[in-house]
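# A structural walkthrough
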Amino acid sequence: MEIRTNAPVAVVGAGTMGVGIAQVAAIAGHCVTVLDMNAEALDRGRTGLGASLDAAVARGRLDQAARNEIWDRIHWSQDLALAANAALVVEAIVEELEIKRRLFGGLARVVRFNTVLASNTSSLEIGAIAEQLSLRGRFLGLHFFNPVPAMKLVEVIAGPDTDPAVVEAVTSLMRAWGKMPVRVRDVAGFIVNRVARPYYAEGFAALGEGVDPATVDAAMVEAGGFRMGPLSLADMIGHDVNYAVAASVFDAGVGLPRFRLQEAQRSLVERKLLGRKSSKGVYDYTAPLPAPFYIDGTSARIEARVSDGGLLRPVVEAARAAGVAVLHDDRLPPETIELDGIRMALGDGRTLAERTGVHILVDHARDFTIAKTIAITARSASHAAVAAGFFRAAERRTLMVADRPGQLVLRTLAQLANAAADTIADQIASAEDVETAMLYGANHPEGPLSWARRLGCDRVRLTLGHIARATGDPIYSPSALFEGRVS
Ligand code: NAD
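Since the structure is predicted, the reported quantities are computational estimates derived from the model, not experimental observations. (Residues numbered from 1 in each chain as written. Predicted model: local features only at pLDDT ≥ 70, side-chain atom pairs only at ≥ 80, totals over all residues. Heavy atoms only, no water.)

### Overview of the sheet that holds strand 6 (residues 139-144)
Ordered in space as 3-2-1-4-5-6-7-8, the eight strands form an open sheet in which the pairing is mixed. If you trace the sheet from one side to the other, it starts and ends with strand 3 (74-77) and strand 8 (180-184), each paired once. Ignoring which end each strand starts from, the neighbouring axes of this sheet average 25 degrees apart. The strands touched by helix 2 (residues 39-58) are strand 2 (32-35) and strand 3; relative to strand 3, the strand with the most contacts, the crossing angle is about 160 degrees. (Pairing = 2+ DSSP bridges. Helix = DSSP H or I, 4+ residues; strand = E, 2+ residues; numbered from the N terminus. Axes fitted to C-alpha atoms, helices over the stretch in contact; angles between N-to-C directions. Contact = heavy atoms within 4.5 Å.)

Pasting the structure below:
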């Protein structure tokens, strides 16, 4: 089976997603019929799609002639019967099981014997939508990301009765549309909304323990390497939307503790503090945003002693290049730097209180070579100032985080890797597809397993074990994949 890019496509729902999907399909060469029961939605969709194509012309991505051809290939209607000739129908209507079921029931009566039907649902089970459908073999999930023209990822979800040849044909078609398709089992959250959950959960957990939001976000951006911090990202998405995704994953996981909902976020939703769209969320957008509190370093000349810098080596080398006296001292454990008798060690999931003889705990950066900020936990303000002086010499800024198991960046990265590992251990998706999904569907700077492999899976397992013990929370228990219990 094959769906060619000159075959007709229908998109049902002229909202945010439907219009984006129609645009991508028309650019790929299809004649596209956009169907919506609401005439105003069709008008809005047509205007929006026209503006989006014009913007592509203005940016030099499309010439005017191509724009006009694409535009002429798109038709708009309220008449569902016009889906009759489509080789593929993509549904992007409201996220309501009964309404989607009714729509597909209606489509099944008008489409050809070999039309493929797809739902863009983000939280419903494909099997549940298809339950009463006569065409279950030709029905599957195609989960696009917003904005569709810019986001490369598409999660392709087979229902229990989907014909593998249909999955194959649609996967190839998505590549022809310029997308990166990944295959996912029919589970709530698919890959991205399931594996990305800890990013928000850890942000809210730190906030709940009194870490100030600007520090959480700055540490995750400047040391973690993420494009946005978890709290400002959730403010941008809208807490109602983000919380609803979390709730659907939690409900479908029948209350698994790892997907439990964040009280702090629920409270924001209840108080209608939805984020940027309501001017207030975690942050108040009617006032200047708070800046993170970077620590001033002492300017006294410091001497650093180190044996094996390990992951901290790029920072040590930068300090040495800036003129700090760095002496080799075999007696020191690896990844430990001694500054005039003050001992600074890289975090391993244990708290500073548990680390006898250590004065400063350095949180991880995703990559110390490029991290411009280092987060630390210190026993006293004077210890913190000495550390900040050393990092300033190495051209890094210093942030202070509370003494909590796994600190902030390490704990978040480890939990993202844990969620990814479970997704593989539970045979929801392949390791390669999980990595692709997080890079192209969540815009993460690195796949969670790539990070875990660089750190060493044993080290990730030990770190998670330390966090699980210190917090007493089973959500940190290392995945079976890290325990070597998965072949
Ligand atoms: P939207 O509210 O912007 O648009 C939905 C459109 O569907 C509206 O124009 C509405 O008039 C139309 N519609 C509703 N019922 C209909 C019916 N029975 N027949 C024909 N048209 C009907 O919604 P959206 O944000 O584009 O989301 C659509 C789907 O995509 C949902 O299932 C959602 O979960 C999923 N999704 C959304 C996003 C996102 O970021 N917005 C991302 C991925 C998936």
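### A closer look at the nonpolar core
Of all hydrophobic cores here, the largest spans 64 residues; its most connected members are Ile337, Met344, Val362, Ile376, Phe390, Phe391 and Trp451. Tallying contributions element by element places helix 15 (residues 409-425) first for this core, with seven residues. Two domains each put at least three residues into this core: domain 2 (193-290 + 410-487) and domain 3 (303-400). (Core = buried A, V, L, I, M, F, W, Y, C linked by side-chain atoms within 4.5 Å. Buried < 20%, exposed > 50% of the residue type's maximum accessible area, 1.4 Å probe, protein only. Domains from an automatic or database assignment.)

### Observations regarding the packing of aromatic side chains
Scanning the entire structure with this criterion turns up six aromatic pairs. Between the aromatic rings of Phe104 and Phe139, the centroid separation amounts to 4.8 Å while the plane-to-plane angle is 80 degrees, which identifies the pairing as edge-to-face. Of the two residues, Phe104 is situated in helix 4 (residues 97-110) and Phe139 in strand 6; the sequence distance between them amounts to 35 residues. Residue Phe104 shares its accessibility class with Phe139, and that shared class is buried. Ring plane angle 25 degrees and centroid distance 6.2 Å describe the contact between Phe144 and Trp177, whose orientation is recorded as stacked. Of this pair, Phe144 sits in strand 6 while Trp177 sits in the loop between helix 6 (164-176) and strand 8, and the two are 33 residues apart along the sequence. Given the relative accessible area of 2%, Phe144 is considered buried. An aromatic cluster is built from Tyr199, Tyr200 and Phe226, whose rings are joined through pairwise contacts. (Phe/Tyr/Trp six-rings, centres within 6.5 Å; stacked < 30°, edge-to-face > 60°.)

### Re the sheet that holds strand 12 (residues 342-346)
If you trace the seven strands from one edge of the open sheet to the other, you get 10-9-11-12-13-14-15, paired in mixed fashion. Taken across any chain shown, the strands that pair with only one partner, and hence form the sheet edges, are strand 10 (325-328) and strand 15 (397-400). Neighbour-to-neighbour, the strand axes of this sheet turn through a mean angle of 30 degrees, independent of strand direction. In terms of strand pairing, strand 9 (residues 303-306) meets strand 10 through four bridges, oriented parallel. Bridge pairing links Val306 to His328 in strand 10.

### Quick word on the domain arrangement of the chain
For the chain, the domain assignment lists domain 1 (9-186), domain 2 (193-290 + 410-487) and domain 3 (303-400). Tallying the contact residues gives 21 residues for domain 2 and 19 residues for domain 3. When residues of domain 2 are sorted by the area they lose upon contact with domain 3, Glu222, Ala223 and Leu410 head the list and together hold 35% of the total. Across the contact surface, domain 2 and domain 3 share four salt bridges. For Arg459, the salt bridge is made with Glu335, and the minimal N-O distance between the two is 2.5 Å. The element that contributes the greatest number of residues to the side of domain 2 that touches domain 3 is helix 18 (residues 457-471), accounting for seven residues. Taken together, the residues that form the side of domain 2 that touches domain 3 break down as 11 nonpolar, five polar and five charged. (Buried area = accessible area lost by both parts, 1.4 Å probe. Salt bridge = Lys/Arg side-chain N within 4 Å of Asp/Glu carboxyl O. Nonpolar A, V, L, I, M, F, W, Y, C, P; charged D, E, K, R; others polar.)

### Considering the site of the ligand
Near the ligand there are 22 residues, and of these Met17, Asp36, Glu95, Lys100 and Ser122 occur at the shortest range. In this structure, an oxygen atom belonging to the ligand sits 2.7 Å away from a side-chain N or O atom of Ser122. Taking 840 Å² as the accessible area of the ligand by itself, protein coverage stands at 75%. In a pocket analysis with a 2 Å cut-off to the grid points, the ligand is assigned to the largest pocket. Mapped onto the shell around the ligand, the elements with two or more residues apiece are helix 1 (16-28), helix 4 and strand 6. Here the shell around the ligand is composed, by residue class, of 10 nonpolar, nine polar and three charged. (Near = heavy atom within 4 Å. Polar contact = N/O pair within 3.5 Å; in protein donor to acceptor, adjacent residues only side chain to side chain. Areas by Shrake-Rupley, 256 points an atom, 1.4 Å probe, with all protein chains shown as cover. 1 Å grid on protein atoms, 1.4 Å probe; cavity = no way out; pocket = protein on both sides within 12 Å on 5 of 7 lines; lining within 4 Å. Sits in = over half its atoms within 2 Å of the grid points.)

### Some points on the layout of surface pockets
Roughly 1600 Å³ of volume is contained in the largest pocket. Taken together, 49 residues line the largest pocket, and the ones lying closest to its centre are Met17, Ser122, His143, Asn146 and Val241. Broken down by secondary-structure element, the contributors of at least two residues to the lining of the largest pocket are helix 1, helix 4, strand 6, helix 7 (192-195), helix 8 (197-208), helix 10 (230-237) and helix 11 (239-252). At five residues, the largest contribution of residues to the lining of the largest pocket is made by helix 11. (Points joined across faces, edges and corners; volume = space filled by probe spheres on them.)

### Topic: the environment of Arg305
Within the element layout of this structure, Arg305 appears in strand 9. C-alpha separation for the pair Arg305 and Leu339, spaced 34 residues apart in sequence, amounts to 6.6 Å. In this structure Arg305 touches Leu327, Asp329, Leu332, Thr336, Ile337 and Glu338, once residues within four positions along its chain are discounted.

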